[in-house]
Amino acid sequence: TWAQERRQALYEALGAVALPSTSLESYVPGEPYPVRGVARVNGANMTTDYLVWSPLSTAYKDRLAYDDLPSRDGAGKFPYQRASLNRSLKQTLINRCLIDAVVYAGENGDVIRQWIKSQVCAGLGGSDRQGRCRFASGGAAPNTVLVAESLGSKLLADALRSIWAEYERSGRAAVQLSSVQAVFLLANQIPL
């Protein structure tokens, strides 16, 4: 629902009218997916892609939810009682939030980094070929605005840096990145 809520808020703020092709979402359990929307704003079409990568860290999150699992001896649930504040912080902050940063920072984050990079590459008019962003010869991508939330700011920065490094010598990345009109980071990196 995060992507649909953000998309709706954006449309309302811009006075955009969603077009029937807005429901282009695809979902395969356990796989990351983009949520796409197409709307009409000031006489022009606007396409939005919200990148939902969280399924890539779900397995790691599930491993931390041992309070809700049967005890090792099979006699019932986790035998210890946590204080309510401790339980709440463990189940939300640790199990569902900070684990994303831990997974992303390590080697288990490689799959996340690669998926985000391929999606950013596509958004800039390229395509992912064997882990490398490839741009067809020609002009820059359509005008683009990049918005990242929370840890997404780190994911976006890493993806852009990786694409830039692949094309730094040829100057092609500069042509593609010239389509980026603005970057908004809706993130508080102090906790990270």
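Everything numeric here is computed off the predicted structure, so don't read it as measured data.

### Some words on the nonpolar core
Side chains that are nonpolar tend, in soluble globular proteins, to be buried together.
Then, in step 1: One finds Trp53, Ile112, Ile116, Val120 and Leu155 to be the most contacted residues of the largest nonpolar core, which totals 23 residues.
Then, in step 2: For this core, the secondary-structure elements that each account for two or more residues are helix H3 (84-105), helix H4 (110-123), strand S5 (132-135), strand S6 (144-149) and helix H5 (152-167).
Then, in step 3: Of all the elements, H5 adds the most residues to this core, at six residues.
Then, in step 4: In contact with Leu155, other than residues within four places in its own chain, are Trp53, Tyr104, Ile112 and Ile116.

### Some words on the sheet that holds strand S1 (residues 17-18)
Then, in step 1: One open sheet accounts for three strands, arranged S1-S2-S3; its pairing is antiparallel. The sheet is open, and its two borders are formed by S1 and strand S3 (44-52), each paired with just one other strand.
Then, in step 2: For strand S2 (residues 33-41) and S3, the ladder comprises nine bridges, and the chain directions are antiparallel. Within S3, the position partnered with Gly37 by the bridge is Thr48.

### Quick notes on the environment of Gln81
Then, in step 1: Among the structural elements, Gln81 can be located in the loop between helix H2 (58-63) and H3.
Then, in step 2: On the basis of relative accessibility, which here comes to 70%, the residue Gln81 falls in the exposed class.
Then, in step 3: In sequence terms Gln81 and Asp67 are 14 residues apart; their C-alpha atoms lie 9.0 Å from each other.

### Some points on the packing of aromatic side chains
Then, in step 1: Tallied over the entire structure, the rule returns one aromatic pair.
Then, in step 2: Between Trp2 and Tyr50, the ring centres sit 5.9 Å apart and the planes meet at 85°, which makes this aromatic pair edge-to-face. With a gap of 48 residues between them, Trp2 in helix H1 (residues 2-14) and Tyr50 in strand S3 connect regions that are remote in the sequence.
Then, in step 3: On the accessibility criterion, Trp2 (32% relative accessible area) is partly exposed.
Then, in step 4: Judged by relative accessible area, which is 13%, Tyr50 ranks as buried.
Then, in step 5: Geometry around Tyr104 places Arg113 over its ring, the cationic atom sitting 5.0 Å from the centre.

Reading guide: rules and limits
- Residues numbered from 1 in each chain as written.
- Predicted model: local features only at pLDDT ≥ 70, side-chain atom pairs only at ≥ 80, totals over all residues.
- Heavy atoms only, no water.
- Core = buried A, V, L, I, M, F, W, Y, C linked by side-chain atoms within 4.5 Å.
- Buried < 20%, exposed > 50% of the residue type's maximum accessible area, 1.4 Å probe, protein only.
- Helix = DSSP H or I, 4+ residues; strand = E, 2+ residues; numbered from the N terminus.
- Contact = heavy atoms within 4.5 Å.
- Pairing = 2+ DSSP bridges.
- Phe/Tyr/Trp six-rings, centres within 6.5 Å; stacked < 30°, edge-to-face > 60°.
- Lys NZ or Arg CZ within 6 Å of the ring centre and 35° of its normal.

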